[in-house]
Amino acid sequence: MSQFLVVTAVGEDRPGIVNELVKMASQCNCNIVDSRMAILGNEFTLIMLISGDWNAVARLESQLPVMARDHNLLTMMKRTGQHQAASYAHRLELAAVTPDRPGVISQVTQFLAEKRLDISALSASTEGEQLHMAVRINLPDGADLGEFEASLAPLAQAASLDIQLSHLTPLTEIRHKE
């Protein structure tokens, strides 16, 4: 039975460091199921969902702290289960641009939390004086898409956001195309 482990690593960005982490997972006979990497300031961040049999995952858990020490990395691991994709009526991406200022991202996430909507991804970056944000949102079955779209106008006005909403392909359609 497959075991699952979330691994997070943060450290100084330098060539080859991501390869070292990926190579270690491979050498422990683990599979990388999902991953995200970003450069934040001078640091890289890598998050991976690892799977493998019990021995492989345990081997990675024991070897990663030594590697982290040797490469001056901050790492964290947590056992988890296999992700079970929920059924959503709509998958959306909210893209927003606004003058950069503290609290804007919080306004958007608070709005979504109050509506009890699932955020599946969030990215934000500042370019010059402008904040660019993209938030992937899952609307559950029974959610009123028109009502949600209408509720964005007050948010856009209150937070001075230029918002574009895109409809993403449902996961079931993607799976059937493969």
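Because the structure is predicted, anything quoted here is derived from the model rather than measured.

What counts, and where the lines are drawn
- Residues numbered from 1 in each chain as written.
- Predicted model: local features only at pLDDT ≥ 70, side-chain atom pairs only at ≥ 80, totals over all residues.
- Heavy atoms only, no water.
- Helix = DSSP H or I, 4+ residues; strand = E, 2+ residues; numbered from the N terminus.
- Buried < 20%, exposed > 50% of the residue type's maximum accessible area, 1.4 Å probe, protein only.
- Contact = heavy atoms within 4.5 Å.
- Areas by Shrake-Rupley, 256 points an atom, 1.4 Å probe, with all protein chains shown as cover.
- Lys, Arg positive; Asp, Glu negative; His and termini not counted.
- Charge placed at Lys NZ, Arg CZ, Asp CG, Glu CD.
- Arc of directions from axis to C-beta.
- Pairing = 2+ DSSP bridges.
- Salt bridge = Lys/Arg side-chain N within 4 Å of Asp/Glu carboxyl O.
- pLDDT = per-residue confidence, 0-100.
- Axes fitted to C-alpha atoms, helices over the stretch in contact; angles between N-to-C directions.
- Parallel < 35°, antiparallel > 145°, perpendicular 65-115°, else oblique.
- Left-handed = near helix turned anticlockwise from the far one by under 90°.

K.L.:
Explain the overall build of the protein chain here, please?
P.N.:
For the protein chain, the count of helices and strands is 5 helices and 8 strands. The order of helices and strands in the protein chain, counted from the N terminus, is β-α-β-β-α-β-β-α-β-β-α-β-α. Projected onto its principal axes, the C-alpha coordinates of the protein chain cover approximately 50 × 40 × 30 Å. Within the protein chain, the proportion of its 178 residues that are buried is 30%. Within the protein chain, counting contacts between residues at least 6 apart in sequence, those at least 24 apart form 71% of the total. For the protein chain, the exposed surface amounts to about 11,000 Å²; the carbon and sulfur share of it is 50%. In the protein chain, 14 positive and 21 negative side-chain charges are present, and the distance between their average locations comes to 7 Å.

K.L.:
Sorry, what's going on with helix H3 (residues 104–114) here?
P.N.:
Residue pairs three or four apart in sequence face the same way in an α-helix, which turns once every 3.6 residues. Residues Val104, Val108, Phe111 and Leu112 constitute the buried set of H3. Burial along H3 is one-sided: seen end-on, the buried residues are contained in an arc of 95°. Of the surrounding elements, those touching the buried residues of H3 are strand S5 (88–99), strand S6 (118–127), strand S7 (130–140) and helix H4 (145–159). Arg116 occupies a position one or two residues after H3 and carries a positive phi of about 60°.

K.L.:
Sorry if this is basic, but what is going on with the pairing of S5 here?
P.N.:
Pairing analysis gives 11 bridges linking S5 to S7, with the strands arranged antiparallel. Across the sheet, residue Arg91 finds its bridge partner in S7, namely Asn138. Across 6 bridges, the pairing between S5 and strand S8 (residues 162–167) is antiparallel. Bridge pairing in S8 links Ala96 to Ile163.

K.L.:
Even after reading the chapter, I still don't get the pattern of salt bridges, so can you show me in this structure?
P.N.:
Charged atoms that come close allow side chains of opposite charge to pair. Counted under the stated rule, the structure contains 5 salt bridges. Between Glu20 and Lys23 there is a salt bridge; the shortest N-O distance is 3.6 Å. Highlighted residues: Glu20 and Lys23, both in helix H1 (residues 17–27), separated by 3 residues, approximately one helical turn. Across the pair Asp70 and Arg69 runs a salt bridge, and its minimum N-O distance is 3.1 Å. Relative accessible area serves as the criterion here: at 53%, Asp70 is assigned to the exposed category.

K.L.:
Looking at this model, I keep getting lost on the confidence of the model for the protein chain. Mind explaining?
P.N.:
Parts of the model with low pLDDT should not have their predicted coordinates read in detail. Overall, the predicted model of the protein chain reaches an average pLDDT of 91, with 94% of residues at or above 70. Low confidence marks residues 172–178, where pLDDT is under 50. Its contacts with residues over four positions away, or in another chain, come to 3 contacts.

K.L.:
Is there a simple way to think about the packing of H1 against helix H2 (residues 54–70) in this case?
P.N.:
Between two packed helices, both the angle of their axes relative to each other and the distance between the axes serve to describe the pair. Packing of H1 against H2 leaves a shortest axis separation of 10 Å and a crossing angle of 155°. Considering the angle they form, H1 stands roughly antiparallel to H2. For the crossing formed where H1 meets H2, the hand is right-handed. On H2, the residues that touch Glu20, Leu21, Met24 and Ala25 of H1 are Leu60, Gln63, Leu64 and Met67.

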